[in-house]
Every structure is written in C-alpha cells, then in structure tokens.
Amino acid sequence: MSGKTNLIGLGRDELSAELAAIGEKPFRAKQLWHWIYHRGAREFAGMTTLGGDLRRKLAENYVVALPEIITEQRSNDGTRKWLVGTEDDNRVEAVYIPEEDRGAMCISSQVGCTLACTFCHTGTQKLVRNLTAGEIVGQFMIGRDSYGEWPSPKEGRMLSNIVMMGMGEPLFNTDNVIKALTIIMDGDGLSVSKRRITLSTSGVVPEIERVGRELGVGLAISLHAVTDELRDVLVPINRKYPIEELLRACRDYPAASNARRITFEYVMLDGVNDSPAEAREMARLLKDVPAKINLIPFNKWPGAIYDCTPAPRIRKFSETLNDLGLSAPIRVPRGRDILAACGQLKSESVRAHKAKLADTALPA
Ligand code: SAH
Ligand code: SF4
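Residues numbered from 1 in each chain as written. Chains lettered and ligands numbered in written order. Predicted model: local features only at pLDDT ≥ 70, side-chain atom pairs only at ≥ 80, totals over all residues. Heavy atoms only, no water.

Student: Can you help me understand the confidence of the model for the protein in this one?
Tutor: For residues with low pLDDT, the predicted coordinates do not support detailed interpretation. Chain-level statistics for the protein give a pLDDT mean of 92 and a share of 95% at 70 or above. Here residues 350-364 is a poorly scored stretch, pLDDT under 50, and it has 5 contacts once near neighbours within four places are set aside; other chains count. (pLDDT = per-residue confidence, 0-100. Contact = heavy atoms within 4.5 Å.)

Student: Just checking my understanding: could you explain the site of ligand 1 for this structure?
Tutor: Surrounding ligand 1, one finds 21 residues, the nearest of these being Gly 168, Ser 200, Ser 222, His 224 and Asn 299. Interatomic distance of 3.2 Å between a side-chain N/O atom of Glu 265 and an oxygen atom of ligand 1. Separating a nitrogen atom of ligand 1 from a backbone N or O atom of Asn 299 is a distance of 2.9 Å. Looking at the shell around ligand 1, its residues break down into 10 nonpolar, 9 polar and 2 charged. (Near = heavy atom within 4 Å. Polar contact = N/O pair within 3.5 Å; in protein donor to acceptor, adjacent residues only side chain to side chain. Nonpolar A, V, L, I, M, F, W, Y, C, P; charged D, E, K, R; others polar.)

Student: Any chance you could explain helix H6 (residues 205-214) here in plain terms?
Tutor: In an α-helix, one turn spans 3.6 residues, which is why side chains three or four residues apart end up on the same side. Those residues of H6 that sit buried are Val 205, Ile 208, Val 211 and Gly 212. Burial along H6 is one-sided: seen end-on, the buried residues are contained in an arc of 95°. Count one or two residues on from H6 and you reach Gly 216, which has phi positive near 70°. (Buried < 20%, exposed > 50% of the residue type's maximum accessible area, 1.4 Å probe, protein only. Helix = DSSP H or I, 4+ residues; strand = E, 2+ residues; numbered from the N terminus. Arc of directions from axis to C-beta.)

Student: When you look at the sheet that holds strand S9 (residues 161-164) in this model, what are you seeing that I'm missing?
Tutor: Note on sheets: strands pair through backbone hydrogen bonds, and any given pair is parallel or antiparallel. Strands sit in the order S3-S4-S5-S6-S9-S10-S11-S12-S13 across an open sheet of 9 strands; the sheet is mixed. Unpaired on one side and paired on the other, strand S3 (68-74) and strand S13 (291-297) mark the two borders of the sheet. Taken pair by pair, the neighbouring strands of this sheet meet at an average axis angle of 20°, ignoring direction. Here strand S5 (residues 91-98) runs beside strand S6 (residues 103-106); their pairing, made up of 4 bridges, is antiparallel. By the bridge assignment, Tyr 96 is partnered in S6 with Met 105. (Pairing = 2+ DSSP bridges. Axes fitted to C-alpha atoms, helices over the stretch in contact; angles between N-to-C directions.)

Student: What am I meant to see in the packing of helix H5 (residues 174-185) against H6 here?
Tutor: To describe two helices that pack against each other, one gives the angle between their axes and the distance between the axes. Remark: H5 packs on H6, axes separated minimally by 11 Å, with the N-to-C direction vectors making an angle of 15°. The angle between H5 and H6 falls in the class roughly parallel. Handedness of the crossing formed by H5 with H6: right-handed. Counted together, Thr 174, Asp 175 and Ile 178 of H5 and Glu 207, Arg 210 and Glu 214 of H6 form the full contact between these two elements. Each residue belonging to the contact of H5 with H6 can be placed in one class, and the counts come to 1 nonpolar, 1 polar and 4 charged. (Parallel < 35°, antiparallel > 145°, perpendicular 65-115°, else oblique. Left-handed = near helix turned anticlockwise from the far one by under 90°.)

Student: Help me out: how do you make sense of the packing of aromatic side chains in this one?
Tutor: For any pair of aromatic rings, the description consists of the separation of the ring centres together with the inter-plane angle of the planes. Following the criterion strictly, the structure yields 4 aromatic pairs and no others. Ring geometry for Phe 298 versus Tyr 306: centroids 6.2 Å apart, planes at 85°, classification edge-to-face. For Tyr 306, a relative accessible area of 10% corresponds to the buried category. Note that Arg 12 overlies the ring of Trp 33, its terminal NZ or CZ placed 4.7 Å from the centroid. Sitting above the plane of the Trp 150 ring, Arg 144 keeps its charged end 5.1 Å from the centroid. (Phe/Tyr/Trp six-rings, centres within 6.5 Å; stacked < 30°, edge-to-face > 60°. Lys NZ or Arg CZ within 6 Å of the ring centre and 35° of its normal.)

Student: Would you explain the environment of Thr 174 in this entry?
Tutor: Structurally, the position occupied by Thr 174 is in helix H5. For Thr 174, a relative accessible area of 5% corresponds to the buried category. Remark: the alpha-carbon pair of Thr 174 and Gly 271, spanning 97 residues in sequence, is separated by 35 Å. Setting aside residues up to four positions removed in sequence, Thr 174 forms contacts with Glu 207 and Arg 210.

Student: Quick question: what am I supposed to make of the domain arrangement of the protein here?
Tutor: When the parts of a complex come together, some accessible area is lost, and that lost area is often taken as the interface size. As assigned here, the protein comprises domain 1 (5-63) and domain 2 (68-350). Computed over C-alpha atoms, the centres of domain 1 and domain 2 are 33 Å apart. Each partner contributes residues to the interface: domain 1 has 15 residues there, and domain 2 has 16 residues. Of the roughly 1200 Å² buried between domain 1 and domain 2, counting both surfaces, carbon and sulfur atoms make up 54%. Counting the surface domain 1 buries against domain 2, the share from its top three residues, Tyr 37, His 38 and Arg 42, is 41%. The salt bridge involving Asp 188 is made with Lys 30; its shortest N-O contact spans 3.5 Å. (Domains from an automatic or database assignment. Buried area = accessible area lost by both parts, 1.4 Å probe. Salt bridge = Lys/Arg side-chain N within 4 Å of Asp/Glu carboxyl O.)

Student: Would you mind showing me how to read the environment of Gly 166 here?
Tutor: Structurally, Gly 166 is set in the loop between S9 and H5. For the pair formed by Gly 166 and Cys 342, sequence separation is 176 residues and the distance between their alpha carbons is 7.8 Å. With sequence-adjacent residues up to four places away left out, Gly 166 is seen in contact with Cys 106, Ile 107, Ser 108 and Leu 345.

Student: Quick question: what am I supposed to make of the side chain of Ser 109 here?
Tutor: Turning to its location among the elements, Ser 109 is positioned in the loop between S6 and strand S7 (110-111). Note on Ser 109: relative accessible area 2%, which makes it buried. Discounting chain neighbours no more than four positions away, the residues touching Ser 109 are Asn 130, Leu 131, Met 164, Met 167, Gly 168, Glu 169, Pro 170, Asn 173 and Val 177.

So, in structure tokens, the structure goes:
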C-alpha cells in the first residue's frame, strides 16, 4: 500500500496522538472516530465536519483501509464467507451467518492456529502470525460494507452479533483481540454491545479472567471431552491446563452469571466422545458452573480422521443432558457447502503455497 499509516485499529488514545503529531488538537479525534466507525467513511475528503486543511493533512499522512477481499462466497443457506488478504500476503477467513432478521459475524484472530486440535481444519495449518487489531476490526467492517449497514444502525441490524470463533486461538493474541473488541464495542462507533459478543477459547486458562474483567463479553469454552485422558488428545492445550483448572477459571469468570451463562462447545465425534455415560459425566462436571451446552455436529473436511455422530445419537446425548437439568441445543450446521462451518476454515498465503510446491519439486 501507500506507506501511509492506516487509522483502522488505532485506539482512541492512539488516534489523538496521531493528530497531535500533525499539529492538530487531540479533540479532533472524536470527530474522526465518528466518521470512521459510525459513518463508515473511508475518504477524508468526505469528512465535512473537519476543516479543509485538516482533511488535506490527513490525506497526505493517513489512510482508512480495510483488508483486501480476495473472494466472497455465498452458501445456498445465505451464509457468506470472505477470504481476506493482509498487506503482507497472508489470508484469513471471516464468515457471516444470517438468521431471519439478525445474524452473527464470525471473526478470525490468527493466521492459522497456535494449537492443533485433531478434529479442526484450522489446526492442520501452522500458525503464521497473530492478526493486528486493525485486521480484526476490518473483518467486521467488511461484513458491515456487505450489508450497507452505515451509519451504525441503532436497531434492526443484520450484523447484530459477533463470535470470535474463526481461525486461531483468540487468547494467544489477547492484547490485539482486546484492543479490537474495545474499538468494536465503543458506543460512538461500531457500537456492538458486549452482550452480543462471544469469545471462544480452547482453554487458555491464565487469560480468561482478563477477558471478563476488561471486556465483559460472553465466554465459550471448547470442551469436547469430559476426561483429561481424551481431552489431552482432542484439545492438546489440555495437557497444560487440564479440565479442573479450566472449570475453576469458568466459575471465577467475572462476566458470568445465571442470566449470562458460559457456553460449553462439544463437537460430536462418532464413537469418540458421544456416549450417554459421557453426557452424565459432563452434567456432573458442570453442576456448579453457570453453563449451557452447545452440541456441534462434526463438520467434515478433506483428510479428517473422524466422523460425525449419527443424528439420533446426538439427540439422545442432548436429552440425557436435558434430563439432568442442562440446556444442550444442537447447533444447526451453516455454510457447509462453502466450507464455512465450524472448524472448516483454512487458508494459506499464496507465498506459503508456492513455497510448499517448490519444496515438493526439489530432488530427493
Ligand atoms: N480457537 C478457538 C476459537 C475457534 S471456535 C476455540 O477453539 O475455541 C470454533 C469452534 O468450532 C470451536 O469450539 C472448535 O472446537 C469447533 N470446531 C473445530 N473444528 C470443528 C469441526 N470440524 N466440526 C465442528 N466444530 C469444530
Ligand atoms: Fe485452533 Fe480452536 Fe481449531 Fe483448536 S479448535 S486448532 S484452538 S482454531
């Protein structure tokens, strides 16, 4: 790009500092913020409440730029998936899942993933790097552009919710994720309430408390197994932070209550973690946690070593939990036809792909 500084992803203080650096009064940051995040403006020339001089100065030094959209795919169920390109030629995916009159934007936090959960497509891709706050905010703004939701509507938004459930482990990129969500939650801008945001983690225990304290967003935990023995295999971070420690962090989560329960995600793997005894054990483990469960039918991807539990047995699992007093709805898979469903996201940069091809071409 131009070599000019991109303003997307700067916090309010940083924006003030930039203005000070070009000899402007820091309070102008408030107006600029409103243009960028409330109105969705990208060109300084159109920011008519700023004086002509300031607009020219801004245009000389800065840009307001979203990550590039490489492709946009639409599923036959209305799900949209964007392959998003970063300035350094990396790729991530963002997904929008519509309901009738609202919907959730599913956002990525890393290029690839630090971890390697055995049932997850993203986990087969090695971590390339953390996304910046601007790249995280930018994914949400791409969805906003797609629905033309500018200026930020007070109500009746299609992009009503956000789930940090895309590629990567958000709590291995906590600083940037917190920075991005703070921008997204700001009431003078994109203005998405913390009640409408859910962050999903595989269980990075030491970071969980901070999310509740600094953001107060909803928490989702990728549980997927009820014994350490099995969870060590499926979700390998369990070897570092076993189930008991994870559940302690959940009980202590500052933003949880009976009115705002923690979601436990549980992927249904045929013959692996789906017996009635495991449902009963889950109810026992969660008995003193404000919990609700989300059963996720396993989404297949090329090369996966698991199959999805057949529907009647998923229903049985759900009923067993219900009988023990736990809400356990079965998630309806969305966007499977464009590989946009949970755990199907994967992207590799053109360069990485070329490098791999070059490697394979080398003589033995
Ligand atoms: N890294 C974070 C955020 C990703 S969220 C985490 O693991 O929580 C994506 C959710 O989909 C997680 O609960 C993940 O465990 C689940 N998932 C991964 N692969 C899946 C698959 N193939 N089918 C269904 N769910 C999957
Ligand atoms: Fe990473 Fe989450 Fe996939 Fe595990 S499930 S590999 S933590 S994205």
